[in-house]
Amino acid sequence: MTDRPTILLVAPTFYDVSYSINPWMDPDAWARDPRGMHRHAMTSFQALRDALDASGFAVEVADGAPGQPDMVFPANAAVVLDGKAVLARFRYPQRRGEEAPFEAIFEGLRARGLIDSVVTLPEGCFQEGAGDCIWDVQRGHFWAGFGPRSSREAADAMSSHFGQEVVALELATAQSYHLDVCFCPLAGGEVLYYPPAFSEASLQVIRARVPAGLRIEASVDDLRHFSVNAVNLDDHVVMTSTTPHLRAELGQRGYRLHEVDLSPFMLSGGGAYCMTLRLDRSSMAARRAVAA
Ligand code: ARG
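Residues numbered from 1 in each chain as written. Predicted model: local features only at pLDDT ≥ 70, side-chain atom pairs only at ≥ 80, totals over all residues. Heavy atoms only, no water.

### Some thoughts on the pattern of salt bridges
At step 1: Across all of its chains, the model carries 13 salt bridges by this definition.
At step 2: For Arg-209, the salt bridge is made with Glu-165, and the minimal N-O distance between the two is 2.7 Å. Of this pair, Arg-209 sits in helix α6 (residues 200-209) while Glu-165 sits in the loop between α5 (152-162) and β8 (166-170), and the two are 44 residues apart along the sequence.
At step 3: Relative accessible area serves as the criterion here: at 34%, Arg-209 is assigned to the partly exposed category. (Salt bridge = Lys/Arg side-chain N within 4 Å of Asp/Glu carboxyl O. Helix = DSSP H or I, 4+ residues; strand = E, 2+ residues; numbered from the N terminus. Buried < 20%, exposed > 50% of the residue type's maximum accessible area, 1.4 Å probe, protein only.)

### Remarks on the environment of Val-220
At step 1: Within the element layout of this structure, Val-220 appears in helix α7 (residues 220-224).
At step 2: On the basis of relative accessible area, Val-220 is assigned to the partly exposed category, the value being 33%.
At step 3: Separated by 26 residues in the primary sequence, Val-220 and Tyr-194 place their C-alpha atoms 7.6 Å from one another.

### Quick look at α6
At step 1: Residues Ser-202, Leu-203 and Ile-206 constitute the buried set of α6. Seen from one end, α6 has its buried residues packed into an arc of 105°, which puts them on one side. Opposite the buried face of α6, at more than 90 degrees from it, the exposed residues are Glu-200, Ala-201 and Ala-208.
At step 2: For α6, the secondary structure elements touched by its buried residues are β7 (141-146), β8, β9 (183-185) and β10 (191-193). (Arc of directions from axis to C-beta. Contact = heavy atoms within 4.5 Å.)

### A closer look at the packing of aromatic side chains
At step 1: Applying the stated criterion across every chain, the model contains ten aromatic pairs.
At step 2: Between Trp-24 and Phe-226, the ring centres sit 4.9 Å apart and the planes meet at 65°, which makes this aromatic pair edge-to-face. One end of the pair, Trp-24, is in the loop between β1 (6-10) and α1 (27-31); the other, Phe-226, is in the loop between α7 and β12 (231-233), and 202 residues separate them in sequence. We note that Trp-24, like Phe-226, is buried.
At step 3: Geometrically, the ring pair formed by Phe-142 and Phe-162 is tilted, given 5.4 Å between the ring centres and 50° between the ring planes. With Phe-142 in strand β7 and Phe-162 in helix α5, this pair connects stretches of sequence that are 20 residues apart. Phe-162 carries the same exposure label as Phe-142, and that label is buried. (Phe/Tyr/Trp six-rings, centres within 6.5 Å; stacked < 30°, edge-to-face > 60°.)

### Here we look at the sheet that holds strand β5 (residues 117-120)
At step 1: If you walk across this open sheet you meet the three strands as β3-β4-β5, and the pairing is mixed. Where the open sheet ends on each side, the last strands, each with one partner, are β3 (78-81) and β5. Adjacent strand axes in the sheet meet at a mean angle of 20° when their direction is disregarded.
At step 2: Relative to β5, strand β4 (residues 84-87) runs parallel, the two sharing four bridges. Bridging across to β5, Ala-85 finds its partner in Val-118.
At step 3: Along the sheet, helix α4 (residues 99-111) makes contact with β3, β4 and β5, crossing β5 at roughly 155°.
At step 4: Running over the sheet, α5 touches β3, β4 and β5 and is turned about 155° from β4. (Pairing = 2+ DSSP bridges. Axes fitted to C-alpha atoms, helices over the stretch in contact; angles between N-to-C directions.)

See below:
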């Protein structure tokens, strides 16, 4: 056992971009050089693993399954808090085949004591894991995205499963199809977010809960770099190669950036955060007061 926070990755052995279920996915670009792309994906994955290790994580790597290329994004597989994993229900048939292999992975993690329990959601409600249900350590609640993928009701289901407050945010564009594409709470209480991704009502919710000095607005360029899709641990931030704007902004606030070339995964609409899943999150973790 380790006292480092544990984070799950899925090896990209079976990764490719062979269908399109979000506007970033480009199967044609992949098909131009599948072998080269796959090699690149393997080296990018190793670089991500190294950056997470350098940031202080214990990295767990699970196997993917043939014919399920998007398993490389375990953020979509479950929501995990206080030792309990609530397994995802995918909206698109292309990803539903991931549910069984991920269930086996989580049962394996439970057998090894890395989590305590595994729960399945009832049918009829879509919920795409931690990509659409992000724990805010500072504020002690989840932020849940709904619209393109997860259902609005999934937020209530998460709230009753975990006994925690869940603040639902409506995603208004196809580009920001998961909350983690456009919203990232940071350890200092800041929230890095892309305002045009949200409905007006949801923007008001964000502004009411996050004071202006803690709101970091991402530009469309930051979004295109998948820079909002970042993994944060204390002052470490792991993300795709980012923009000068964000590099300066986060640097001024005391964050240390680990930039990784994840371009083969951006071709599927993913960045650093969606390639990971924290297994050790606790609702009791010490919070620093967020100045209102
Ligand atoms: N191709 C995947 C999909 O469309 C990408 C998922 C990225 N994950 C995330 N949490 N944003 O579902």
